[in-house]
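# Descriptive analysis of the structure
For reference, the chains in residue letters:
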Amino acid sequence: AQSVTQLGSHVSVSEGALVLLRCNYSSSVPPYLFWYVQYPNQGLQLLLKYTTGATLVKGINGFEAEFKKSETSFHLTKPSAHMSDAAEYFCAVSDVNNNDMRFGAGTRLTVKP
Amino acid sequence: DAGITQSPRHKVTETGTPVTLRCHQTENHRYMYWYRQDPGHGLRLIHYSYGVKDTDKGEVSDGYSVSRSKTEDFLLTLESATSSQTSVYFCAISDRLASYEQYFGPGTRLTVT
């Protein structure tokens, strides 16, 4: 069965610093990978996704992620953190054979001034 | 934003009472999902639907039932609510023919006392 592990339940960075949120997946077939962001008291919003093609995926708000099959990873990065990036981030995996999507436990990002 | 509404947005109920949560979409998407979100667990799938009257169980389906009599509505029922079902419930929709991401509703916060 597919699964996702997010390393680090809390990440704290200074404003302007690099953001790196880690995600490793397990899937027996080629995966579809997603990053979602959740702001307080809101639903989840898609940041970016990888299905096929280019392994470096660019999303909204300056975020990007790289699919590395050899490392079974899909880490999320942003070169320079902004205060508005403070939120909870979820990595998720799906594939063509499954009707559902599996989510990681989430990483809460704090941005310090 | 995808047209997804959830009702009620907040509910407090007593142990043993039945509770029904409603998800309504205006996107005509085939797939609809119910998740629960709990700290440290991310989102876990309760049930999903792949068409009118077509539903299947997810990872944490015990104590929950669902129904879908129209494309736009997906109901989640707790037959006899327990304190362990205190959670935030999210509905999501997907058009898997076009893409595999899911679009989320705003959530329902349910407290069982």
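Our subject in this report is the structure included herewith. Predicted model only: the values in this text are computed from it and were never measured.

### Quick word on the overall build of chain A
- Along the backbone of chain A there are zero helices and 11 strands.
- In sequence order, the secondary structure elements of chain A are arranged as β-β-β-β-β-β-β-β-β-β-β.
- Its C-alpha atoms give chain A a radius of gyration of 13 Å, within 12% of the compact-globule value 13 Å for 113 residues.
- Projected onto its principal axes, the C-alpha positions of chain A cover 45 × 30 × 20 Å.
- For chain A, the proportion of its 113 residues judged to be buried stands at 44%.
- For chain A, restricting intrachain contacts to residue pairs at least 6 apart in sequence, the fraction spanning at least 24 positions comes to 56%.
- Taken as a whole, chain A presents about 5,300 Å² of accessible surface, with 51% of it coming from carbon and sulfur.

### Here we look at the sheet that holds strand β3 (residues 19-25) of chain B
Residues and elements named next belong to chain B.
- With respect to topology, four strands assemble into an open sheet ordered β1-β3-β8-β7, the strand pairing being antiparallel. Edge positions in the sheet fall to β1 (4-7) and β7 (64-70), since each has one partner strand and no second. For this sheet, the mean angle separating the axes of adjacent strands, direction not counted, is 20°.
- As paired elements, β3 and strand β8 (residues 73-78) share six bridges and run antiparallel to each other. By the bridge assignment for β8, Leu21 is matched with Leu76.

### Some remarks on the layout of surface pockets
- If you add up the space inside the largest pocket, you get close to 450 Å³.
- Around the largest pocket, the lining comprises 23 residues; the ones closest to its centre are Gln38 and Asn41 of chain A together with Gln37, Val88 and Arg109 of chain B.
- If you list the elements that add at least two residues to the lining of the largest pocket, you get β9 (87-94) of chain A together with β4 (31-38), β9 (87-94) and β11 (108-112) of chain B.
- Take the lining of the largest pocket: its biggest share by element is three residues, from β9 of chain A.

### Quick look at empty space enclosed by the protein
- Using the criterion set out here, one finds one cavity of 30 Å³ or more in the structure.
- What the largest cavity holds in volume is close to 30 Å³.
- Per-class residue counts for the lining of the largest cavity are three nonpolar, four polar and two charged.

### Considerations on the environment of Ile60 of chain A
All names here are of chain A.
- Assignment of secondary structure puts Ile60 in the loop between β6 (56-58) and β7 (64-68).
- Along the chain, Ile60 and Ala105 lie 45 residues apart, while their C-alpha atoms are 22 Å from each other.
- With near-sequence residues (within four places) excluded, Ile60 lies in contact with Gln45, Leu46 and Leu47.

### Here we look at the state of the cysteines
Residue and element names in this part refer to chain A.
- In total, this model carries two disulfides over all chains according to the counting rule given.
- Disulfide pairing places Cys23 opposite Cys91 at an S-S distance of 1.9 Å. Disulfide Cys23 to Cys91: torsion about the S-S bond roughly -65°, handedness left-handed. Taken as a pair, Cys23 in strand β3 (residues 19-26) and Cys91 in strand β9 lie far apart in primary sequence, 68 residues in all. Taken individually, Cys23 and Cys91 each receive the classification buried, so the pair is uniform in this respect.

### Section: the interface of chain B and chain A
- Listed by partner, the interface residues are 22 residues for chain B and 22 residues for chain A.
- For the pairing of chain B and chain A, the buried interface totals around 1,700 Å² over both sides, and the portion due to carbon and sulfur atoms is 53%.
- Across the contact surface, chain B and chain A share one salt bridge.
- The partner of Lys49 of chain A in a salt bridge is Glu101 of chain B, with the nearest N and O atoms 2.6 Å apart.
- Run the count over chain B and chain A and you get three residue pairs in polar contact (both at pLDDT 80 or more).

Conventions we followed
- Residues numbered from 1 in each chain as written.
- Chains lettered and ligands numbered in written order.
- Predicted model: local features only at pLDDT ≥ 70, side-chain atom pairs only at ≥ 80, totals over all residues.
- Heavy atoms only, no water.
- Helix = DSSP H or I, 4+ residues; strand = E, 2+ residues; numbered from the N terminus.
- Rg over C-alpha atoms; globule rule 2.2 N^0.38 Å.
- Buried < 20%, exposed > 50% of the residue type's maximum accessible area, 1.4 Å probe, protein only.
- Contact = heavy atoms within 4.5 Å.
- Areas by Shrake-Rupley, 256 points an atom, 1.4 Å probe, with all protein chains shown as cover.
- Pairing = 2+ DSSP bridges.
- Axes fitted to C-alpha atoms, helices over the stretch in contact; angles between N-to-C directions.
- 1 Å grid on protein atoms, 1.4 Å probe; cavity = no way out; pocket = protein on both sides within 12 Å on 5 of 7 lines; lining within 4 Å.
- Points joined across faces, edges and corners; volume = space filled by probe spheres on them.
- Nonpolar A, V, L, I, M, F, W, Y, C, P; charged D, E, K, R; others polar.
- Disulfide = S-S within 2.5 Å.
- Buried area = accessible area lost by both parts, 1.4 Å probe.
- Salt bridge = Lys/Arg side-chain N within 4 Å of Asp/Glu carboxyl O.
- Polar contact = N/O pair within 3.5 Å; in protein donor to acceptor, adjacent residues only side chain to side chain.

Nothing here speaks to function; it is all geometry.
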